[in-house]
Amino acid sequence: MPGYEIFGDEEKKEVSDVLETGVLFRYGFEKARNGHFKALEFEKTLCSITGSRYGHLCSSGTAALSTALAACGIGAGDEVIIPPFTFVATFEAVLTAGAIPVFCDIDETLCLNPDRIEAVITPRTKAVVPVHMCGSMARIDEIKDVCKKNGLILLEDTCQSLGATYQGKALGTFGLAGCFSFDSVKTVTCGEGGGIITDDKAVYEKADQFADHGHDHLGGPDRGADGHPIVGANFRISELNAAVGLAQLRKLDQILKIQRENKHALKDAMAALPEVSFRYIPDANGDSATFLSFSLPTEERARQVAKALAANGAGSAYWYDNNWHYFKKWHHLKEMKRAATLPFELCSNLPDYKTLALEESDAIMKLTISMQIMLSWTKQDIENRISAIIKSFKG
Ligand SMILES: *Cc1c(COP(=O)(O)O)cnc(C)c1O
């Protein structure tokens with residue numbers, strides 16, 4: 001997955017372009033910046049990769065989610081349907097918006113189950129945010145149909161799946177907006193960064209304004225002359241971060257090619273293991289291949305294999321016990337531990353996360369193991385890894 005594995009002269013060149021001008025700000029300073037607009041160029045490149053009309057870069061994936069929620073008109077008191085298998089940022093952004101996270105079970109795609117969405121819709125439901133976990137896709141066309149049928153906004157958390165497609169169409173382009181993360185461990189990294197894509201002009205304009213204190217960016221060279229159509233915040237990215245990301249984004253094809261080759265090598269070798277069922281991928285050709293995920297017949301066996309993999313030097317993720325990616329261990333949310341009262345606490349009839357049972361998701365997560373696919377693996381590394389995997393299954 002991680003773009004940081006392939007830092008090279010390209011990243012250095014982009015960063016030194018910025019340092020030579022001394023302009024670290026993405027807006028203004030037209031003369032001093034010597035023609036360098038790294039954030040803007042990143043946005044154009046992201047649009048051309050994903051085939052979207054508009055793109056906006058933010059300071060993080062979490063900031064991108066917050067900005068997209070606001071730009072799509074999702075705010076205080078709205079219910080937002082999300083999966084329990086994601087990074088904590090998804091529910092954090094919903095809470096920050098003053099909206100109410102409503103959890104809905106996942107299916108064998110390890111993503112939101114379209115067949116379970118209608119059961120959790122209420123009159124307060126405003127949006128559905130599926131998360132394309134671990135490089136691959138949800139049943140996004142079916143989720144889109146459910147949203148359409150029920151008049152709900154579809155916003156995709158594509159933070160982990162840059163470059164993945166479903167039937168040739170980029171993930172992140174199925175709903176009103178899609179969000180990406182370019183944090184330090186993602187497929188493409190800015191160090192810290194995030195992005196929003198949309199085909200909707202009004203959503204784009206609101207995102208562009210919201211992420212920069214409400215500036216409409218129409219005042220010309222004098223930033224002070226900008227109008228402020230809406231109240232915003234500061235979720236801007238710096239040119240330095242954007243510069244690193246720009247060089248990385250240009251390497252995306254190369255990254256995807258290596259990931260896919262490395263993943264196939266492991267998957268082929270594991271296909272002969274009778275206990276293994278691979279994750280259901282609705283369109284295998286569109287998998288970005290950042291992870292190889294599979295399940296074992298029982299929880300006990302999954303735990304055994306995960307332990308053996310670690311012992312044999314082929315570490316994996318057993319998400320069911322993970323502090324950050326699965327609902328089971330989100331004790332801070334369940335017990336409402338927070339720095340200050342959250343806006344959504346002013347609403348009535350909040351879900352009780354402490355007693356919430358997500359049995360279908362638990363049943364899937366108990367059996368699931370994911371192995372991260374690295375770019376830096378040599379042929380020998382892959383052979384060693386395959387031996388370690390085979391050995392782990394024998395134990
Ligand atoms: C990484 C990630 C985010 C947030 O990204 P940051 O850039 O770290 O704020 C959001 N959702 C998912 C699913 C992620 O993996």
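Analysis parameters
Residues numbered from 1 in each chain as written. Predicted model: local features only at pLDDT ≥ 70, side-chain atom pairs only at ≥ 80, totals over all residues. Heavy atoms only, no water. 1 Å grid on protein atoms, 1.4 Å probe; cavity = no way out; pocket = protein on both sides within 12 Å on 5 of 7 lines; lining within 4 Å. Points joined across faces, edges and corners; volume = space filled by probe spheres on them. Helix = DSSP H or I, 4+ residues; strand = E, 2+ residues; numbered from the N terminus. Nonpolar A, V, L, I, M, F, W, Y, C, P; charged D, E, K, R; others polar. Phe/Tyr/Trp six-rings, centres within 6.5 Å; stacked < 30°, edge-to-face > 60°. Lys NZ or Arg CZ within 6 Å of the ring centre and 35° of its normal. Core = buried A, V, L, I, M, F, W, Y, C linked by side-chain atoms within 4.5 Å. Buried < 20%, exposed > 50% of the residue type's maximum accessible area, 1.4 Å probe, protein only. Near = heavy atom within 4 Å. Polar contact = N/O pair within 3.5 Å; in protein donor to acceptor, adjacent residues only side chain to side chain. Areas by Shrake-Rupley, 256 points an atom, 1.4 Å probe, with all protein chains shown as cover. Contact = heavy atoms within 4.5 Å. Pairing = 2+ DSSP bridges. Axes fitted to C-alpha atoms, helices over the stretch in contact; angles between N-to-C directions.

Peer 1: How would you summarise empty space enclosed by the protein if you had to cite specific residues and measurements?
Peer 2: Applying the stated rule across the entire model yields one cavity of 30 Å³ or more. In this structure, the largest cavity occupies an estimated 40 Å³ of space. Looking at the largest cavity, the residues that line it are Lys-263, Lys-267, Phe-278, Arg-279, Ile-281, Phe-291, Leu-292 and Ser-293. Mapped onto the lining of the largest cavity, the elements with two or more residues apiece are α9 (252-270) and β11 (291-295). The biggest single contributor to the lining of the largest cavity is β11, with three residues. Tallied by class, residues from the lining of the largest cavity come to four nonpolar, one polar and three charged.

Peer 1: Before we move on, can you summarise the packing of aromatic side chains with the specific residues and values?
Peer 2: Counting across every chain of the model gives 18 aromatic pairs. An aromatic cluster is present here, built from Phe-91, Phe-103, Phe-327, Trp-330 and Tyr-353 joined pairwise through their rings. Here Lys-328 stacks its cationic end above the ring of Tyr-320, 3.9 Å away from the centre of that ring.

Peer 1: Just give me the short version of the layout of surface pockets, but keep the residues and values in it.
Peer 2: In this structure, the largest pocket spans a volume of roughly 450 Å³. Contributing to the lining of the largest pocket are 25 residues, with Tyr-27, Gly-28, Asp-216, His-217 and Leu-218 lying nearest its centre. Only α2 (38-50) and α7 (201-210) provide two or more residues apiece to the lining of the largest pocket. Here the lining of the largest pocket takes four residues from α7, the largest share from any one element. Residue composition of the lining of the largest pocket, by class: nine nonpolar, six polar and 10 charged.

Peer 1: Before we move on, could you go through the nonpolar core and cite the residues and values that matter?
Peer 2: One finds Phe-85, Phe-103, Ile-143, Met-270, Phe-294 and Phe-393 to be the most contacted residues of the largest nonpolar core, which totals 93 residues. In terms of residue count, helix α3 (residues 61-71) provides more of this core than any other element does, six residues in total. Counting residues in hydrophobic clusters, the runner-up holds 19 residues, among them Ile-6, Ala-39, Val-188 and Cys-190.

Peer 1: Go over the site of the ligand with me, naming the residues and quoting the values.
Peer 2: Around the ligand, a shell composed of 16 residues is seen, among which Gly-61, Thr-62, Ser-181, Asp-183 and Lys-186 lie nearest. At 2.9 Å from a nitrogen atom of the ligand is found a side-chain nitrogen or oxygen belonging to Asp-157. Gln-160 places a polar side-chain atom, nitrogen or oxygen, 2.9 Å from an oxygen atom of the ligand. Relative to its unbound accessible area of 380 Å², the ligand is 94% covered by the protein chains. Put simply, the parts of the chain that give the shell around the ligand at least two residues each are α3 and α4 (89-96). Looking at which element gives the most residues to the shell around the ligand, the answer is α3, with three residues.

Peer 1: Can you lay out α7 for me, pointing to particular residues and giving the numbers?
Peer 2: For α7, every residue scored as buried is listed here: Val-203, Ala-207, Asp-208, Gln-209 and Phe-210. Where the residues of α7 are buried, they touch β1 (54-58), α3, β8 (177-181) and β9 (194-198). Where α7 begins, one side-chain oxygen reaches toward the backbone nitrogen of Ala-202, 3.0 Å away; that side chain belongs to Asp-200.

Peer 1: Describe the side chain of Thr-158, with residues and values.
Peer 2: Topologically, Thr-158 is positioned in the loop between β5 (153-157) and β6 (165-166). For Thr-158, a relative accessible area of 0% puts it in the buried group. Not counting residues within four places of it along the chain, the set of residues in contact with Thr-158 comprises His-132, Leu-171, Gly-172, Gly-178, Cys-179 and Phe-180.

Peer 1: I'd like a description of the sheet that holds strand β10 (residues 277-278), backed by residues and values.
Peer 2: Two pairing modes exist for strands in a sheet, parallel and antiparallel, and in both the strands are linked by backbone hydrogen bonds. One open sheet holds the three strands; their spatial order is β10-β11-β12, and the pairing between them is antiparallel. Strands with a single pairing partner mark the edges of an open sheet, and in this sheet they are β10 and β12 (368-372). Sheet topology note: the β11/β12 ladder contains five bridges and is antiparallel. If you follow Phe-291 over to β12, its bridge partner there is Gln-372. Lying over the sheet, α9 contacts β10, β11 and β12, oriented at roughly 20 degrees with respect to β11.

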